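A closer look at the structure
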Amino acid sequence: MNNAAPSVRRLLASTTSKLTAIGLLLLLLYALAGFVAAPWLVRQQLPKLAAEYLDAQATVGDVRINPFLFSFEATDLAIAEKSGLPVMQAGRVFVDFETSSLLHWAWTFCEVRIERPVINLDLDTNGSLNVGRLIQFLQTKMPEKKEASETIPRLLLQHMAISGGALKFADHTLQPEARTQLDPIEFEINDISTLPDYRGEHTLSIRLPEGGSLQWQGKLSLSPIESSGVISLKNARLSTLWQFVRDRLAIAKPEGSYEFGLRYRAGYSGGALNFQADDLAFGLKDVVIAEAEGGKLLGKLATVAFEGGSFDLAQRMLAFKDIRIADGALDIVLDEDSVPDWARLV
């Protein structure tokens, strides 16, 4: 018995040592796969996948994957059409996946952050949008679904942020072409989920051309589908809209701005969309309109205000408590057939 004890101890020590070595080896292989092999695979496969499914070019700078923290980071991500026309870029994409997914039985992301994204919308001379072309090509590559699934994936996103974003739009159907850009775009949402009774809070801030701004704050639920919040558009310039319809309107570049605001509640259930709004307001300020040829002044309005409005989609009801027009003048000339000269502007 005394001689057997040391042998057992040596056997246990040897077995433990081998198991420890195997565990360390597996841990090393896992680390190499996560830190080295996976980023290399992403860099290699991304251009191939973009070419196969989008008929586009894709490039990515640095890719980092932490297999222990379950995080993914990529820099200088870009997608362009085969012609080289850029479609979208992102300076940095960071995704932090949570192991607590096992507890929630749902895909759980602690954070998704997209920094300096740029979307380039380009409408060519034939009226074809670049993003639409990519989506159309992708649809040809997707397998046909035999039956639509009624279940939605269980997803929990604790925090998502888009910072320093920009949206560029160019319309080449017009001559000269029309261009506009919205930047910066800032978006943040917390605790959005397809799980029942989760209501995430979100904020959106966009700076418009020539000093305008768009603000959107609210709450969003995906199960059930419900949303409520406040939207405010301030100091948006009429000239920004005019450049995209100038070939249809015989007026010069207009002066003035418009504003819009509302408090809303929306939902979707039983195949029906519900939407109600109050504190609805719309206004025009310092508007000056003139003919494109000759520059004849057609009208000036210092203030146009629709305030205290409400809207109900189900009842098809729109009402305003107060409508004000101040310090305005219109120049309208009737021809021999009593047709106003304003009718020639369209």
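Use the structure listed above.
Residues numbered from 1 in each chain as written. Predicted model: local features only at pLDDT ≥ 70, side-chain atom pairs only at ≥ 80, totals over all residues. Heavy atoms only, no water.

1. Remarks on the overall build of the protein chain
Secondary structure assignment for the protein chain yields four helices and 16 strands. Computed over the C-alpha atoms, the radius of gyration of the protein chain is 29 Å, more than 25% above the 20 Å expected from 2.2 N^0.38 for a compact globule of 346 residues. Projected onto its principal axes, the C-alpha coordinates of the protein chain cover approximately 125 × 45 × 40 Å. Every one of the 346 residues in the protein chain was classed for burial, and the buried ones make up 29%. The contacts of the protein chain with a sequence gap of at least 6 include a subset with a gap of at least 24, amounting to 51%. Surface accessibility of the protein chain: about 22,000 Å² in total, with carbon and sulfur atoms responsible for 61%. (Helix = DSSP H or I, 4+ residues; strand = E, 2+ residues; numbered from the N terminus. Rg over C-alpha atoms; globule rule 2.2 N^0.38 Å. Buried < 20%, exposed > 50% of the residue type's maximum accessible area, 1.4 Å probe, protein only. Contact = heavy atoms within 4.5 Å. Areas by Shrake-Rupley, 256 points an atom, 1.4 Å probe, with all protein chains shown as cover.)

2. Considering the environment of leucine 214
Following the sequence through the fold, leucine 214 ends up in strand E10 (residues 213–222). In this structure, the C-alpha to C-alpha distance between leucine 214 and phenylalanine 260, residues 46 residues apart in sequence, is 9.4 Å. Each residue touching leucine 214, except ones within four places of it in the same chain, is listed here: Leu204, Ser205, Ile206, Leu208, Ile231, Ser232 and Leu233.

3. Points about the pairing of strand E14 (residues 297–312)
Across eleven bridges, strand E13 (residues 272–290) lies against E14 in antiparallel orientation. By the bridge assignment for E14, glutamine 276 is matched with aspartate 312. The hairpin formed by E13 and E14 contains six residues between the paired strands, and glycine 294 there has a positive phi angle of roughly 90°. Pairing geometry for E14 and strand E16 (residues 322–330), over eight bridges, is antiparallel. Paired with glutamate 307 across the bridge in E16 is aspartate 322. Where E14 meets strand E15 (residues 317–319), three bridges bridge the pair, whose relative direction is antiparallel. (Pairing = 2+ DSSP bridges.)

4. What about the nonpolar core?
Counting ten residues, the largest nonpolar core is built from Leu182, Ile185, Leu204, Ile206, Leu208, Leu233, Ala236, Leu238, Tyr258 and Val287. Those elements giving two or more residues to this core turn out to be strand E8 (178–193), strand E9 (200–207) and strand E11 (225–237). Residues within four places of leucine 233 in sequence aside, it is in contact with Leu208, Ser213, Leu214, Tyr258, Glu259 and Phe260. (Core = buried A, V, L, I, M, F, W, Y, C linked by side-chain atoms within 4.5 Å.)

5. Digging into the side chain of histidine 202
Examined against the element boundaries, histidine 202 turns out to sit in strand E9. If sequence neighbours within four positions are ignored, histidine 202 has contacts with Phe187, Glu188, Ile189, Trp216, Gln217, Gly218, Lys219, Leu220 and Tyr264.

6. Considerations on the pattern of salt bridges
A side chain of one charge can pair with a side chain of the opposite charge if their charged atoms are brought near each other. Summed over all chains, the structure comprises 18 salt bridges. A salt bridge links glutamate 177 to arginine 179; its shortest N-O distance comes to 2.6 Å. Exposure remark for glutamate 177: the relative accessible area of 35% places this residue in the partly exposed category. Residue class for arginine 179 comes out partly exposed when judged on its relative accessible area of 49%. (Salt bridge = Lys/Arg side-chain N within 4 Å of Asp/Glu carboxyl O.)

7. Things to note about the packing of aromatic side chains
For the coordinates displayed, the defined rule picks out nine aromatic pairs. A centroid spacing of 6.5 Å and a plane angle of 65° characterise the contact between phenylalanine 70 and phenylalanine 97, whose relative ring orientation is edge-to-face. Here the residue phenylalanine 70 occupies a position in the loop between strand E2 (63–66) and strand E3 (71–81), and phenylalanine 97 occupies one in strand E4 (residues 86–97), the gap between them amounting to 27 residues. Put simply, the rings of Phe70, Phe97, Trp107 and Phe109 touch in pairs and so form one group of aromatic residues. (Phe/Tyr/Trp six-rings, centres within 6.5 Å; stacked < 30°, edge-to-face > 60°.)

8. What about the environment of glycine 308?
Along the chain, glycine 308 falls in strand E14. Judged by relative accessible area, glycine 308 falls into the partly exposed class, the value being 34%. In the structure, glycine 308 is positioned 130 residues away from alanine 178 in sequence and 35 Å away in space, judged by C-alpha atoms. Those residues in contact with glycine 308 that sit more than four places away from it in its chain are Leu280, Ala319, Phe320 and Lys321.

9. Some words on the pairing of strand E6 (residues 118–123)
One ladder, built from two bridges, connects E4 with E6; its direction is antiparallel. Across the sheet, glutamine 89 pairs through a bridge with valine 118, a residue of E6. Inspection of the sheet shows E6 paired to strand E7 (residues 155–171) by six bridges, in the parallel sense. The partner of asparagine 120 across the bridge, within E7, is lysine 168.

10. Section: the layout of surface pockets
Size it by volume and the largest pocket reaches roughly 300 Å³. Put simply, the parts of the chain that give the lining of the largest pocket at least two residues each are E3, E4, E6, E7, E8 and E9. Taken together, the residues of the lining of the largest pocket break down into 17 nonpolar, two polar and no charged. Volume-wise, the second largest pocket comes out at about 190 Å³. Forming the boundary of the second largest pocket are 17 residues, of which Glu259, Phe282, Gly283, Lys285 and Glu307 lie nearest the centre. Of all elements in the fold, only E11, strand E12 (255–269), E13 and E14 reach the threshold of two or more residues within the lining of the second largest pocket. (1 Å grid on protein atoms, 1.4 Å probe; cavity = no way out; pocket = protein on both sides within 12 Å on 5 of 7 lines; lining within 4 Å. Points joined across faces, edges and corners; volume = space filled by probe spheres on them. Nonpolar A, V, L, I, M, F, W, Y, C, P; charged D, E, K, R; others polar.)

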